[in-house]
Amino acid sequence: MKVCVYTWGCQMNVLDSEVIEGRFAAAGYETAESPEDADVVILNTCSVRQHAENKVFSFLGKLGELKLRRPDVTIVVAGCVAQRLGADLRKRYGQVDLVVGTSRLGDLLGLVGELRGAGRGGAGRVHVEEETPAYPERAVSHRASRFQAFVSVMRGCDNFCAYCIVPYVRGRQASRPAGEVVDEVKALVDDGVKEVTLLGQNVTGYGRDRGETGALVRVLAELQRIEGLEWVKFVTSHPRDTGEDVFRAMRDLPKMCKYLHLPAQSGSDRILTLMRRGYSRQEYLDKVALLGEIAGEVSIASDFIVGFPGETESDFEDTVDLVRRVAYKNSFIFKYSPREGTAAAKLADDVPVADKKRRNNALLAVQQVQSLAHNRLFLGRTVKVLVDGPSKKDSARLSARTEGEEIVIFDGPTALAGQFVMVEITGATAITLSGRPTADGG
Ligand code: SAM
Ligand code: SF4
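So, here is what we can say about the structure in this document. In this text, all values refer to a predicted model and were calculated from it rather than measured experimentally.

## Digging into the overall build of the protein chain
The helix and strand inventory of the protein chain stands at 13 helices and 19 strands. Rg of the C-alpha trace for the protein chain: 22 Å, near the compact-globule value of 22 Å for 442 residues, within the 12% margin. Considering only C-alpha atoms, the protein chain reaches an extent of 65 × 55 × 45 Å along its principal axes. Across the 442 residues that make up the protein chain, the buried fraction comes to 53%. Distance between charge centroids for the protein chain: 3 Å, based on 58 positive and 59 negative side chains.

## Here's the deal with the site of ligand 1
Around ligand 1 lies a shell of 15 residues, among which Tyr163, Gln201, Gln265, Asp303 and Ser337 are the nearest. Arg49 has a polar side-chain atom sitting 3.1 Å from an oxygen atom of ligand 1. For ligand 1, whose accessible area on its own is 560 Å², the fraction buried by protein is 91%. Listed by contribution, the elements that provide at least two residues to the shell around ligand 1 are strand 13 (299-306) and strand 14 (330-335). Class assignment for the residues of the shell around ligand 1 results in six nonpolar, four polar and five charged.

## Quick look at the site of ligand 2
Neighbouring residues of ligand 2: Cys157, Asn159, Phe160, Cys161, Tyr163, Cys164, Val166, Pro167, Gln201, His238 and Arg277. Classifying every residue of the shell around ligand 2 by side-chain character gives seven nonpolar, three polar and one charged.

## What about the sheet that holds strand 11 (residues 231-235)?
The three strands are arranged 7-10-11 in an open sheet whose pairing can be described as parallel. Two strands bound the open sheet, and with one partner strand each, they are strand 7 (148-152) and strand 11. For this sheet the average axis-to-axis angle between neighbouring strands, irrespective of direction, equals 20 degrees. As defined by bridge partners, strand 7 adjoins strand 10 (residues 195-199) across five bridges and the pair is classed as parallel. Residue pairing across strands places Gln148 opposite Glu195, the latter belonging to strand 10.

## A word on the packing of aromatic side chains
Inspection of every chain in the model, using the stated rule, returns ten aromatic pairs. With 5.6 Å between their ring centres and 65 degrees between their planes, Trp8 and Phe59 make a pair best called edge-to-face. Pair noted here: Trp8 is in the loop between strand 1 (2-7) and helix 1 (11-26) and Phe59 is in helix 2 (residues 50-69), with a separation of 51 residues, a long-range link. Here Trp8 falls in the buried class, since its relative accessible area comes to 14%. Residue Phe59 is classed as buried on the basis of its relative accessible area of 16%. Ring pairing ties together the aromatic residues Tyr6, Trp8 and Phe59, which thus form one cluster. For the cation-ring pair, Arg381 lies above Phe378, with the distance from its terminal atom to the ring centre recorded as 5.2 Å.

## Quick look at helix 8 (residues 215-223)
All buried positions along helix 8 are accounted for by Ala215, Leu216, Val219, Leu220 and Leu223. Taken end-on, helix 8 shows its buried residues confined to a sector of 135 degrees, consistent with a single buried face. Buried residues in helix 8 make contact with helix 7 (178-190), strand 10 and strand 11.

## A word on helix 2
With 20 residues, helix 2 ought to run about 28 Å at 1.5 Å a step, and its terminal C-alpha atoms sit 29 Å apart, in line with that. The set of residues buried in helix 2 consists of Ala52, Glu53, Val56, Phe57, Phe59, Leu60, Leu63, Gly64, Leu66 and Lys67. Looking at the buried side of helix 2, the elements it contacts are strand 1, strand 3 (40-45), strand 4 (74-79), helix 3 (80-85) and helix 4 (87-92).

## Points about the pairing of strand 16 (residues 398-401)
Residues Leu398 and Ala400 of strand 16 are buried on one face, and the alternating residues Ser399 and Arg401, pointing to the opposite face, are buried as well. Alignment of strand 15 (residues 382-390) against strand 16, held across four bridges, turns out to be antiparallel. Bridging from a neighbouring strand, Leu386 pairs with Arg401 of strand 16. Pairing analysis gives four bridges linking strand 16 to strand 17 (residues 407-410), with the strands arranged antiparallel.

## Observations concerning the packing of helix 9 (residues 244-252) against helix 11 (residues 281-295)
Viewed as axis vectors pointing N to C, helix 9 and helix 11 meet at an angle of 30 degrees, and their least axial separation amounts to 9 Å. Crossing hand, helix 9 versus helix 11: right-handed. Only Lys287, Leu290, Leu291, Ile294 and Ala295 of helix 11 make contact with helix 9, whose side of the interface consists of Glu244, Phe247, Arg248, Met250 and Arg251. Classifying every residue of the contact of helix 9 with helix 11 by side-chain character gives six nonpolar, no polar and four charged.

## Here's the deal with the environment of Ser17
When you line up the elements, Ser17 lands in helix 1. Remark: the alpha-carbon pair of Ser17 and Arg143, spanning 126 residues in sequence, is separated by 9.5 Å. Sequence-distant contacts of Ser17, defined by excluding residues within four places in its chain, comprise Val5, Thr7 and Asn44. At 2.8 Å, the side chain of Ser17 and the side chain of Thr7 are in polar contact.

## Digging into the pairing of strand 14
In terms of strand pairing, strand 13 meets strand 14 through six bridges, oriented parallel. Note on strand 14: the bridge partner recorded for Ala301 is Asn330. For the segment spanning strand 13, helix 12 (residues 313-325) and strand 14, crossover handedness is right-handed.

Definitions and cut-offs
- Residues numbered from 1 in each chain as written.
- Chains lettered and ligands numbered in written order.
- Predicted model: local features only at pLDDT ≥ 70, side-chain atom pairs only at ≥ 80, totals over all residues.
- Heavy atoms only, no water.
- Helix = DSSP H or I, 4+ residues; strand = E, 2+ residues; numbered from the N terminus.
- Rg over C-alpha atoms; globule rule 2.2 N^0.38 Å.
- Buried < 20%, exposed > 50% of the residue type's maximum accessible area, 1.4 Å probe, protein only.
- Lys, Arg positive; Asp, Glu negative; His and termini not counted.
- Charge placed at Lys NZ, Arg CZ, Asp CG, Glu CD.
- Near = heavy atom within 4 Å.
- Polar contact = N/O pair within 3.5 Å; in protein donor to acceptor, adjacent residues only side chain to side chain.
- Areas by Shrake-Rupley, 256 points an atom, 1.4 Å probe, with all protein chains shown as cover.
- Nonpolar A, V, L, I, M, F, W, Y, C, P; charged D, E, K, R; others polar.
- Pairing = 2+ DSSP bridges.
- Axes fitted to C-alpha atoms, helices over the stretch in contact; angles between N-to-C directions.
- Phe/Tyr/Trp six-rings, centres within 6.5 Å; stacked < 30°, edge-to-face > 60°.
- Lys NZ or Arg CZ within 6 Å of the ring centre and 35° of its normal.
- Arc of directions from axis to C-beta.
- Contact = heavy atoms within 4.5 Å.
- Expected span 1.5 Å × (residues − 1).
- Left-handed = near helix turned anticlockwise from the far one by under 90°.
- Right-handed = clockwise from strand over helix to strand, strands pointing away.

Below you can see the structure in the form of structure tokens.
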């Protein structure tokens, strides 16, 4: 039996797919190269913007042709679109055999087995529950990188930002017990992992649903004791919940990387209020300043939404100004997309598409200049990098990352993959750094 898994969306989805693939592999499934070659095709989907959903729908269209030719293939839609649309998805796409929401991912393997066992008469099941169950157990040895791993510390989100579908499709925040997180990291490190990134929609609010405060910093401190683990990162931090204790941890705990993903979303107070983000522009800037005072040089990344309902040119200029003030390493910039059921969906989506596009491109251009300036700071420095492997663009060269998530390209043997190397930086573009390994090789 062969399975192939397609993934759209954020790092949580990437991790969920890895967990799903691991469970199928443990049950004896091989990996199929394409749907043509597969017995089971799983689409792990994203709902965060309409554009992401449309990609899934168009892929499903293609799978319809496959289903006509090979009715025995089992087509599963899993993840956020499955959770959001439930039974409607099967009404619209008859080729879908199974709809498995985010709340039932741990059962996906069993549900596929049941369905296939029941023969064609069993087709058409929908599994979407309200509650968020325990995180599915993971086959630690099955992962995309041998040296780096994501570890989920929570599911869901309680923030209900006005534009965001996540709390509706991934449920309320449910933090994993710290012991479980630490045990998973230990198992990964025993299996060769050197860098872990703790994942959560609101990782700096970790533990709050369990009545705990300061839980993220405590778990970070515990991870320092794991021998063989070298680098620890965490994403995504909500600015309202990110403060001095986290910044001190970044300064004081030796394995912490100087990287912070701190999405601002907008630089306009009026829009931040409409977005229900829970901080003002000045509060955000004050946090960034405090981070610098406490932890020194940290690479900061952000997310921005342009064209939120009611966003004027002047609001947008405030966002541009924020990007100029905070020397971001990079920003992910999105055009606002109304999501049914969210608070913002009740507001008129009144920024014309052309203005959204123009603002998106304009902000991207400003960020590119900032990214170049950020990267140029590294020229002439020697930095420690973890080598990922051959560069995707030029397989004769190596691609590595700094602790701040800057990408470094250099010449070296592929045997360096998974090693920490010291590289002298000799070139910088807005996207990558380049350099040469120092003589001692780090
Ligand atoms: N929990 C994270 C946070 O609060 O920053 C990220 C959640 S979301 C998966 C990733 C990004 O998508 C958000 O930071 C936001 O910029 C963007 N996003 C979410 N909803 C959106 C919408 N309706 N339209 C456009 N972008 C959206
Ligand atoms: Fe969505 Fe806001 Fe939660 Fe992030 S913090 S997942 S943007 S509701």
